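What follows is each chain in one-letter form.
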Amino acid sequence: MNDLSTLMRSRVESEHPDLAALVSGSIRRGRRIRRVRYAGAGLATAAVVVGVGVGVAALPGGHTSATELQPATGGPQSASGTLRPMTRAQQLKAVFPGAAAQRSHGTGTVRGKGSAAVPFSIELHGWSCGAAMDDKLTCAGPKGESAEIVWRPTSSYQEWTGDPDKGGTIGVLTSTPHGHWFVTLQGDAATSLHDLHALADSLVWKRS
Amino acid sequence: MGNTAPEQGEFASFVHTTGAQLYRTALLLTGDHHLAEDLTQTTYAKVFASWRRVHRADNPVGYARTILLNTFLSHRRLRRSGEQPGRAADVTETLTDFAIDGAANDADPSTRVDLLAALARLSPTDRAVLVARYWEDRSIAETAADLGVSQSAVRTRSKRALERLRPLVLHLSPEGIM
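Residues numbered from 1 in each chain as written. Chains lettered and ligands numbered in written order. Predicted model: local features only at pLDDT ≥ 70, side-chain atom pairs only at ≥ 80, totals over all residues. Heavy atoms only, no water.

**Q** What exactly am I supposed to notice about the pattern of salt bridges here?
**A** Charged atoms that come close allow side chains of opposite charge to pair. Enumeration according to the criterion identifies 11 salt bridges over all chains in this entry. A salt bridge links Arg9(A) to Asp137(B), with the nearest nitrogen and oxygen atoms 3.2 Å apart. Within this pair, whereas Arg9(A) is found in helix H1 (residues 2-12), its partner Asp137(B) is found in the loop between helix H7 (124-135) and helix H8 (140-147), the two belonging to separate chains. Between Arg34(A) and Glu7(B) there is a salt bridge, with the nearest N and O atoms lying 2.7 Å from each other. You can see Arg34(A) sitting in helix H2 (residues 19-58) and its partner Glu7(B) sitting in helix H1 (residues 5-30), one on each of two chains. Exposure class is identical for Arg34(A) and Glu7(B). Each is buried. A cluster of three or more residues bridged by salt bridges with shared partners is formed by Arg65(B), Glu136(B), Arg138(B), Glu142(B) and Asp146(B). (Salt bridge = Lys/Arg side-chain N within 4 Å of Asp/Glu carboxyl O. Helix = DSSP H or I, 4+ residues; strand = E, 2+ residues; numbered from the N terminus. Buried < 20%, exposed > 50% of the residue type's maximum accessible area, 1.4 Å probe, protein only.)

Have a look at this one:
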């Protein structure tokens, strides 16, 4: 279908954007993204510093409490509480610390063709997922929420979390690696960040 | 935050160099002038937000293209509840817009509408695969990396999309395409 290339070129080659408007609009919106990024980082850093301080004081034996799946850290935190650079997902979790507490109990389902290949199951009351499409699952919540879960090879974890357009995107949660896989979750407009965190916390990994 | 004049100058130069190509990619993906402008601007806003890192990268254009494709697919994923490929409200609006815009700007507006309408009948991911492969001339491996899918998925989607597109655009090329 080499002529599709020709066809596409002939159809759009006369199209010209308003470059001046593009520059000014992009800079304006880009500055806004930076402001949000810096503000989020500041809040998150403050929250983590407080959290680590409280944790160290309360757990002198060094016990670490962790859920099975959390927003990506870009690398594990050491037991001594050394702070690592935070991803956008971590910043969001720090800004909305009550998200995990909203988790419901019960069992959801992953149904349809390809479900055996999905490396995890969903255990969240009222949520169910459709058939797996390649490496993607679309899940629906009890109130019309919708979220897409994509499982990805652990080998691409650093690349993913290091890319601001992927792991750092607002509204995308990235898990820590679990065996061969990690997952990313993204909700639709009807899905709150709290819902997404609850869904993320409910994933139960299968043995890999 | 360090928005210096040199930084803005470098960024403006980058947009002037790459803007037309990126906008045309966005137009093929969205099929609509306004959506294409918004997608292009959103892409460049993300680029500007990380400009100090992006402009030192080996391939800033490739970085911007990947952001555009992912932004397009993310946006469509978030909106697709209840949406059918080729039947979405924005596609209908697209055809209306192009019937108006095309009549003023193009010698043969009917063919333009036909190609974009045909592309709009594909799923967003299938459309992105074809645009990456046939407009951007990306390899299967590069397309897979850009879209975050496997190479076999790119092959499958490409084949399926071409089969769907073939009957819709045959009349656009007298010599016969595909």
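**Q** Please explain the packing of aromatic side chains as it appears in this structure.
**A** In this description, an aromatic ring pair is defined by two values, namely the gap between the centres and the angle between the planes. Applying the stated criterion across every chain, the model contains 8 aromatic pairs over all chains. Ring geometry for Phe120(A) and Trp205(A): centres 5.7 Å apart, planes at 75 degrees, overall edge-to-face. Of this pair, Phe120(A) sits in strand S2 (residues 120-122) while Trp205(A) is found in strand S8 (residues 203-205), placing the two residues 85 residues apart along the sequence. You can call Trp205(A) buried: its relative accessible area is 11%. Summarising the aromatic geometry, the rings of Phe11(B) and Tyr44(B) are spaced 6.2 Å apart at their centres and angled 85 degrees between planes, so their arrangement reads as edge-to-face. Here Phe11(B), found in helix H1, pairs with Tyr44(B), found in helix H2 (residues 33-49); they are 33 residues apart in sequence, far enough to count as distant. (Phe/Tyr/Trp six-rings, centres within 6.5 Å; stacked < 30°, edge-to-face > 60°.)

**Q** How should the pairing of strand S7 (residues 181-187) of chain A be read in this particular structure?
**A** Within a regular strand, the side chains alternate between the two sheet faces. Residues and elements named next belong to chain A. Burial within S7 is extensive, with 6 of its 7 residues counted as buried. Pairing of strand S5 (residues 146-153) with S7 involves 7 bridges; the strand directions are antiparallel. The partner of Ile-149 across the bridge, within S7, is Leu-185. Turn length for the strand S6 (residues 172-174)-S7 hairpin, with the two strands adjacent in sequence and antiparallel, is 6 residues, and the turn residue Gly-179 shows positive phi of about 65 degrees. (Pairing = 2+ DSSP bridges.)

**Q** Please clarify how the packing of H7(B) against H8(B) should be interpreted in this entry.
**A** Between two packed helices, what matters for the description is the angle formed by their axes and the separation of those axes. Residue and element names in this part refer to chain B. Interaxial distance between H7 and H8 falls to 10 Å at its minimum, and their mutual angle equals 135 degrees. The orientation of H7 relative to H8 falls into the category oblique. Remark: the crossing between H7 and H8 carries right-handed chirality. The segment H7 lies against H8, with Ala-128, Val-129, Ala-132 and Arg-133 engaging Ile-140, Thr-143 and Leu-147. The residue makeup of the contact of H7 with H8, split by class, is 5 nonpolar, 1 polar and 1 charged. (Axes fitted to C-alpha atoms, helices over the stretch in contact; angles between N-to-C directions. Parallel < 35°, antiparallel > 145°, perpendicular 65-115°, else oblique. Left-handed = near helix turned anticlockwise from the far one by under 90°. Contact = heavy atoms within 4.5 Å. Nonpolar A, V, L, I, M, F, W, Y, C, P; charged D, E, K, R; others polar.)

**Q** Please clarify how the confidence of the model for chain B should be interpreted in this entry.
**A** Reading fine detail from the predicted coordinates is not recommended where pLDDT is low. Residues and elements named next belong to chain B. Summing up the model confidence of chain B, the mean pLDDT is 77 and the portion of residues at 70 or higher is 74%. Low pLDDT, under 50, characterises residues 80-107; the predicted model gives this stretch 38 contacts beyond four residues in sequence or across chains. The model gives residues 109-113 a pLDDT under 50, and that stretch makes 12 contacts with residues more than four places away or in other chains. What the predictor reports for the complex is a pTM of 0.52 with an ipTM of 0.76. (pLDDT = per-residue confidence, 0-100.)

**Q** When you look at the pairing of strand S4 (residues 136-140) of chain A in this model, what are you seeing that I'm missing?
**A** Residues and elements named next belong to chain A. Pairing of strand S3 (residues 128-129) with S4, which is carried by 2 bridges, proceeds in the antiparallel orientation. Each residue of the ladder has a partner; that of Cys-129, found in S4, is Cys-139. Summarising the sheet, S4 and S5 pair through 5 bridges and their orientation is antiparallel. Its bridge partner lying in S5, Cys-139 is registered against Ala-147. Counting the residues in the hairpin turn of S4 and S5 gives 5 residues, including Gly-144, whose phi is positive at 90 degrees.

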